[in-house]
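Residues per chain are reported as follows:
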Amino acid sequence: MLMAHIPIRLLPPSSCGTISGFPALGPKKHEMRCCSHKFNDEGIRIQSGPVSEKLRRRLLIFISVPASSFLLFQTFPSLGKTKTKNPYDERRLLEQNKRVQRENNAPEDFPSFVREGFEVKVVASEKYLKTNSGLIYKDFEVGHGDCPKAGQQVTFHYIGYNESGRRIDSTYLQGSPAKIRMGTNALVPGFEQGIGEMRPGGKRRIIIPPELGPPVGPSTFFSAKQFEVFDVELLSIQDCTRRTIIGFYSDVVCN
């Protein structure tokens, strides 16, 4: 049972040491009468003045009463407001992404990314195509010849972008194209899938989703699960053969 302490109002002297309750409106009040009587040797009471008002104010007597009889301590159920989630403002987030892309000088017809937390929506023109694996691409030039096969070497240029259209890497700036053998897990899965369907002379923009992207972490090139965009130009395809030089030592030569 919850107990509450309430102060007692002191009344003028009457019968000493008695506590009496008086019915009144509202909660039951408890009162205590005190006195300062003195007695002589024969037991006759000696009249004395009343207790001073200052002393009476200082003298506080506390008793415990059930809190249920005291309205102040009654509790009421809280009526808290439920916080409602703001509606998904796709237009605002889309304009924000486009503004950042303009500041980063993103190329023409660059896709937009509407990101809210871990949810990302790719907004691109109808010229982009999406494969069953989730890879998105757009061909600027198709090229000629056959597509590369596993074991063959591809020579290509590329420019890499993040979701905000900022350039993160470029072989054009490095001054030399990249050379990679297909089927050796040397490329990001989405990148190898995208370039594996190109023909020599072709130019393509590849949008790689996080599930087809590179591993992330402090020791990798990428630091977060994001979409990556690459503009790729496939220059040539070479056949490769393995040759033995001395004993068990061998290497691969691509022509």
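Residues numbered from 1 in each chain as written. Predicted model: local features only at pLDDT ≥ 70, side-chain atom pairs only at ≥ 80, totals over all residues. Heavy atoms only, no water.

K.L.:
What should I look at first to understand the environment of Glu-192 in this one?
P.N.:
For Glu-192, the location among the structural elements is in helix α4 (residues 189–195). Sequence-wise, Glu-192 and Met-182 are ten residues apart; in three dimensions their C-alpha atoms are separated by 7.3 Å. The contact partners of Glu-192, leaving out residues within four places of it in the chain, are Met-182, Gly-183, Asn-185 and Leu-187. (Helix = DSSP H or I, 4+ residues; strand = E, 2+ residues; numbered from the N terminus. Contact = heavy atoms within 4.5 Å.)

K.L.:
Would you mind going over the pairing of strand β8 (residues 112–116) with me for this structure?
P.N.:
As a general feature of sheets, a regular strand has side chains that alternate between the two faces. Summarising the sheet, β8 and strand β9 (residues 119–123) pair through five bridges and their orientation is antiparallel. From the neighbouring strand, Val-114 faces β9, where its bridge partner is Lys-121. Between the end of β8 and the start of β9, which pair antiparallel, lie two residues, with Gly-117 showing a positive phi angle near 70°. (Pairing = 2+ DSSP bridges.)

K.L.:
Quick question: what am I supposed to make of the confidence of the model for the protein chain here?
P.N.:
Chain-level pLDDT for the protein chain is 74 on average; 62% of the residues reach the 70-or-more range. Low confidence marks residues 1–36, where pLDDT is under 50. Its contacts with residues over four positions away, or in another chain, come to 69 contacts. pLDDT under 50 marks residues 54–85. Its contacts with residues more than four places away, or in other chains, come to 36 contacts. (pLDDT = per-residue confidence, 0-100.)

K.L.:
What's the story with unusual backbone geometry in this structure? I'm lost.
P.N.:
Note: most peptide bonds trans; most residues except glycine with negative phi. Phi at Asn-105 takes a positive value of approximately 55°, unusual for a residue other than glycine. Overall, Asn-105 belongs to the exposed group, its relative accessible area being 66%. Its identity as a non-glycine residue notwithstanding, Asp-109 has a phi of 60°, on the positive side. With respect to the helices and strands, the residue Asp-109 is situated in the loop between α2 (90–103) and β8. (Buried < 20%, exposed > 50% of the residue type's maximum accessible area, 1.4 Å probe, protein only.)

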